[in-house]
Amino acid sequence: MEDTLSALRSLMSSHSPSLDALVVPSEDYHQSEYVSARDKRREFVSGFSGSAGLALITAKEALLWTDGRYFLQAEQQLSDQWKLMRIGEDPAVDVWMADNLPKDASIGVDPWCISVDTAQRWERAFAEKHQKLVQTTKNLVDEVWAKRPPEQINAVIVHPLEFAGRSVADKLQDLRKRLAQERARGIIFTALDEVAWLYNIRGSDVAYCPVVHAFAIVTTNSAFLYVNKEKVSVEVKTHLEENGIGIRDYTAVSSDAALLATDELDALSTAKGSLAAVTKEAEKTHNELNKGVNGEHLAEEHSNDFVWVDPGTCCYALYSKLNSQTVILQQSPLALAKALKNPVELDGLRKAHVRDGAAVVQYLVWLDKKMQEIYGASGYFLEGNSVKKEKGLESLKLTEVTASDKLEGFRASKEHFRGLSFPTISSVGSNAAIIHYSPQAETCAELDPDKIYLVDSGAQYLDGTTDITRTVHFGKPSAHEKACYTAVLKGHIALGNARFPNGTNGHALDILARVPLWKDGLDYRHGTGHGIGSYLNVHEGPHLISFRPQARNVPLQSSMTVTDEPGYYEDGNFGIRLENVLIVNEADTKFNFGDKGYLSFEHITWAPYQTKLIDLNLLMPDEISWLNAYHSKCRDILAPYLDVAENAWLQKATEPVAV
């Protein structure tokens, strides 16, 4: 680590101009949350492996910013050469740089790894002291990363219409209508899940995310995919060309963005197929929008002069190729379109979660048995002290990793399984207090019957993506652990049962999950809900449920998905989280104040809550009724996927409770 910092500082010094600081973001060229091994530059320089964070290196300091999910993990992973900066508690990175770097300082960053929004915000922060953001022509981390993993050539695959639910032609037609409405000649897509969704393709370029390293540009007359052509099979090539999509080299996106800025890009289009029909429809829509009240065409200033980019996902490098005077900086139209699931996607998500729930129950049955056999635990149902057994063979012991591997095995046996949707958070005792804990085989903990066990996991199926968290105890939980679990459960129930008017965003609902914790002076440092992709990213926007008022104020809408995952974490002791995936539906309310229309949630995750961890005296009658009804549905829905012994276990785990 010391050698890496020294080598980077040497490059900073010799750079023209000389750099007073170097920013190393977590993101790749597509502003992805999860990145491929060769794009984990921030992890390479800092040693911190969390999915969110930013490193800043100056001549004498090395600082890392991350959010509350990763405070404990960063404390453990950062060497004494690094200083942890806690987002929300310490000064933001742009404020720190403006206040602590010299006047006229040069701050270097790879413009491919930073969004337009971030770059412009920093430039505003630097203006007062005449500090400047310098776009490096090479990524300096790559220059010192001797053993940087090579690019993987992973095949692009077509995502069939039976799972996608909408054709590429339909999506392009809707998109071109939006371009016409915004007077845009074209739009650049950099977010990997948006490219995959628009063109009905998937891949495996990023672990746990079925996406392809690719860009897309769509104009009123043409469409392009920028990808390593070695990844494109004859089948995929045919699929793209039939939908009027030209295939270009991944690196050509930079020069093509410049051509788009001067309205010369369409000349490159050679794709055939349905392009003509789609273009004709787009031109018709465009002409209608360009007509005035008397049927006359609007003035020339209303022609398609603009290029649309999403400032939150488009990298600064591509933006710099455009004329800033003719750029529309607003959220991608695909962000919301992708979040509003079509009926086929919703049906697939429901089915995927049933199979996934069966896998989770099978895992809990297996784990319950093993904890009793190996560790003398009282088990999932009984509250007793474990009976210590003689240490047996090393191969018999259960660790956080061997247990999670077993869970993956149960999932792998299910129809349409394609892999996990994120690294399983299998965490026992104090490790469960690390919100995004990632166990490693060499260092992970052994399971302990006398400690809480939290498992947050999910899978990718062709018909949907899943994400579920359950917290269990195989021994005798303390009264405090029960009270904390119950408070989390109460918040989980309150949010899931919410009814709210159209136009309500997730920030307004977040408090529902926290109030039961707040009553005891407790809280948690993460958001409460995120969208879920349809065989895409496990974290999907543009909406979310969060305590941060500035966070993506996108109203929840019918047919969106969102998670419900409150928690509580005691550093050094335990962590608790409960998570289900919900679908937003129109609600059938007695009244309809303001003719707004009302919404409610539908649970599609199915796995029992451990009643042994619940202090029933803290639940209200309606909460007990909800719990019993949910457990009854679990039994009915999962029964066909379980054998006799597993069904008997589930029957016991979902027996009605009463005070």
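Residues numbered from 1 in each chain as written. Predicted model: local features only at pLDDT ≥ 70, side-chain atom pairs only at ≥ 80, totals over all residues. Heavy atoms only, no water.

Some points on the domain arrangement of the protein chain
In plain terms, the rule: Boundaries of every domain are those given by an automatic assignment or by a domain database. Any pair of residues with heavy atoms lying within 4.5 Å of one another is described as a contacting pair. Throughout, buried area stands for the accessible area (probe radius 1.4 Å) lost by two parts on being put together, summed over both. What makes a salt bridge here is a side-chain nitrogen of Lys or Arg within 4 Å of a carboxyl oxygen of Asp or Glu, nothing more.
Under the domain assignment, the protein chain is made up of domain 1 (1–144), domain 2 (157–268 + 305–339) and domain 3 (343–383 + 393–653). The interface is formed by 19 residues belonging to domain 1 together with 23 residues belonging to domain 2. Of the roughly 1,600 Å² buried at the junction of domain 1 and domain 2 (both faces included), carbon and sulfur atoms supply 64%. The largest contributions to the domain 1 side of the interface with domain 2 come from His-30, Trp-112 and Val-116, which together make up 41% of the buried area. Linking domain 1 with domain 2 are 0 salt bridges, by the criterion used here.

With respect to the packing of aromatic side chains
The following threshold applies: Each aromatic pair joins two rings of Phe, Tyr and Trp (for Trp, the six-membered one) with centres within 6.5 Å, and gets the label stacked for planes under 30 degrees apart, edge-to-face for over 60, and tilted for any other angle. The helix count covers DSSP runs of H or I at least four residues long, the strand count covers runs of E at least two residues long, and both are numbered beginning at the N terminus. Categorising residues by exposure relies on relative accessible area from a 1.4 Å probe, with only protein chains included: less than 20% of the type maximum marks a residue as buried, more than 50% marks it as exposed, and the intermediate range marks it as partly exposed.
Under the criterion given, the structure shown has 19 aromatic pairs. Taking 4.7 Å as the distance between ring centres and 15 degrees as the angle between the ring planes, the aromatic pair formed by Phe-44 and Trp-145 counts as stacked. Taken together, the residues Phe-44 in helix α2 (residues 41–46) and Trp-145 in the loop between α6 (140–144) and β7 (157–158) connect sequence positions 101 residues apart. What makes Phe-44 partly exposed here is its relative accessible area of 24%. By relative accessible area, Trp-145 is classed as buried at 11%. Seen from their ring centres, Trp-65 and Trp-96 are 6.2 Å apart, and the 75 degrees between their planes marks the pair as edge-to-face. Taken together, the positions of Trp-65 in strand β3 (residues 62–66) and Trp-96 in helix α4 (residues 93–100) put the pair 31 residues apart, joining distant regions of the chain. Its relative accessible area of 4% is what places Trp-65 among the buried residues. Judged by relative accessible area, which is 8%, Trp-96 ranks as buried. Chaining the aromatic ring pairs together yields one cluster made of Tyr-29, Trp-112, Phe-215 and Tyr-250.

Description of the nonpolar core
The condition is simple: Put simply, buried Ala, Val, Leu, Ile, Met, Phe, Trp, Tyr and Cys residues joined by side-chain atoms within 4.5 Å make one nonpolar core.
Counting 82 residues, the largest nonpolar core has Leu-367, Tyr-453 and Phe-601 as the members making the most contacts within it. It is helix α15 (residues 343–375) that contributes the most residues to this core, 12 residues altogether. Sequence-distant contacts of Tyr-453, that is, excluding residues within four places in its chain, are made with Tyr-363, Leu-367, Ala-403, Ser-426, Ser-427, Val-428, Leu-447, Arg-470, Thr-471 and Val-472.

Section: the pattern of salt bridges
Here the structure, examined in full by the defined rule, presents 30 salt bridges. In this structure, Glu-89 engages Arg-525 in a salt bridge whose closest nitrogen and oxygen atoms are separated by 3.8 Å. Here the residue Glu-89 occupies a position in the loop between β4 (83–86) and α4, and Arg-525 occupies one in the loop between α18 (506–518) and β22 (529–531), the gap between them amounting to 436 residues. For the salt bridge of Asp-256 with Arg-248, the shortest nitrogen-to-oxygen distance reads 2.9 Å. Classification of Asp-256 by relative accessible area gives buried; the value is 0%.

Things to note about α15
Cut-off, in case you're wondering: To estimate the expected span of a helix, subtract one from its residue number and multiply by 1.5 Å. Definition of a polar contact: a pair of N or O atoms within 3.5 Å, with one able to donate and the other able to accept a hydrogen when the atoms are protein atoms, and with sequence-neighbouring residues admitted only if both atoms are side-chain atoms.
In a regular helix each residue adds 1.5 Å, so 33 residues correspond to 48 Å; α15 covers 47 Å between its end C-alpha atoms and thus fits that length. Where α15 begins, the capping side chain belongs to Asn-342, and its oxygen is found 3.0 Å from the backbone nitrogen of Val-344. Of the residues one or two after α15, Gly-376 is the one with positive phi, at around 70 degrees.

Some points on the sheet that holds strand β15 (residues 417–420)
The strands making up a sheet associate through hydrogen bonds between their backbones, and the pairing can be parallel or antiparallel. Convention followed: Strands were regarded as paired on the criterion that DSSP finds at least two bridges between them. The axes used here are C-alpha line fits, helices contributing only the stretch in contact, and every angle between their N-to-C directions lies in the interval 0 to 180 degrees.
With antiparallel pairing, the 3 strands of this open sheet are ordered in space as β15-β18-β19. Strands at the two margins of the open sheet, each flanked by one partner only, are β15 and β19 (464–465). As paired elements, strand β18 (residues 459–461) and β19 share 2 bridges and run antiparallel to each other. Bridge pairing links Tyr-461 to Gly-464 in β19. Sitting on the sheet, helix α16 (residues 400–412) touches β15 and β18, and the angle it makes with β15 is about 160 degrees.

Description of unusual backbone geometry
Here the residue pair Ser-16 and Pro-17 is connected by a cis peptide bond, since its omega of 0 degrees sits within 30 degrees of zero. For Pro-17, the location among the structural elements is in the loop between α1 (2–14) and β1 (21–25). Between Gly-541 and Pro-542 the backbone carries a cis peptide bond, its omega angle lying at 10 degrees. Mapped onto the fold, Pro-542 is located in strand β23 (residues 540–545). Of note in the backbone geometry, Arg-183 takes a positive phi value of approximately 60 degrees without being a glycine. One can find Arg-183 in the loop between α8 (168–181) and β8 (184–189). We classify Arg-183 as buried; its relative accessible area is 17%.

So, a nonpolar patch on the surface
Condition: A patch consists of residues exposed above 30% relative accessible area that lack any salt bridge, with like charges linked at up to 9 Å and nonpolar side chains (Val, Leu, Ile, Met, Phe, Trp, Tyr) linked at up to 5 Å. Here the Shrake-Rupley method, with its probe set to 1.4 Å, supplies the accessible areas, and only the displayed protein chains count as covering residues.
Where nonpolar side chains cluster on the molecular surface, the patch consists of Ile-511, Leu-512, Val-515 and Trp-518 and spans about 310 Å² of accessible area. For Leu-512, the location among the structural elements is in helix α18. The class of Leu-512 is partly exposed, set by a relative accessible area of 31%.

Description of the confidence of the model for the protein chain
Put simply, the rule is: For every residue, the predictor assigns a confidence score, pLDDT, that lies between 0 and 100.
Here the protein chain averages 93 in pLDDT, while 93% of its residues score no lower than 70. The low-confidence segment residues 271–279 (pLDDT under 50) makes 21 contacts with residues lying over four places distant or belonging to another chain. In this model residues 292–301 is a low-confidence stretch, pLDDT under 50, and it forms 10 contacts with partners more than four residues away in sequence or in other chains.

Thoughts on the UniProt feature "domain: Peptidase M24 C-terminal" (unreviewed entry) in the protein chain
Put simply, the rule is: UniProt positions are given in the numbering used here, feature names are shortened, and annotations may be inferred rather than shown by experiment.
Taken from the UniProt record, the annotation "domain: Peptidase M24 C-terminal" (unreviewed entry) applies to residues 597–657. Across residues 597–657 one finds 46% helix and 10% strand; the C-alpha atoms that close the span lie 35 Å apart.

Some remarks on the environment of Ala-164
Considering the arrangement of structural elements, one finds Ala-164 in helix α7 (residues 161–164). Accessibility expressed as a relative area gives 3% for Ala-164, which makes it buried. As for Ala-164 and Pro-149, which are separated by 15 residues in sequence, their C-alpha atoms are 33 Å apart. Setting aside chain neighbours within four positions, we find Ala-164 in contact with His-159, Asn-200, Asn-342 and Glu-345.

Brief notes about the packing of α4 against helix α5 (residues 116–126)
Spelled out, the test is: Each angle is binned into one of four classes, with values under 35 degrees roughly parallel, values over 145 roughly antiparallel, values of 65 to 115 roughly perpendicular, and all other values oblique. Left-handed describes a crossing whose near helix is turned anticlockwise from the far helix by less than a right angle; the clockwise case is right-handed.
Put simply, α4 and α5 touch, their axes get as near as 9 Å, and they point 30 degrees apart. Between α4 and α5, the interaxial angle falls into the category roughly parallel. The hand of the α4/α5 crossing is right-handed. In this structure, α4 uses Val-93, Asp-94, Met-97 and Ala-98 to contact α5, whose residues at the interface are Arg-121, Trp-122, Ala-125 and Phe-126.

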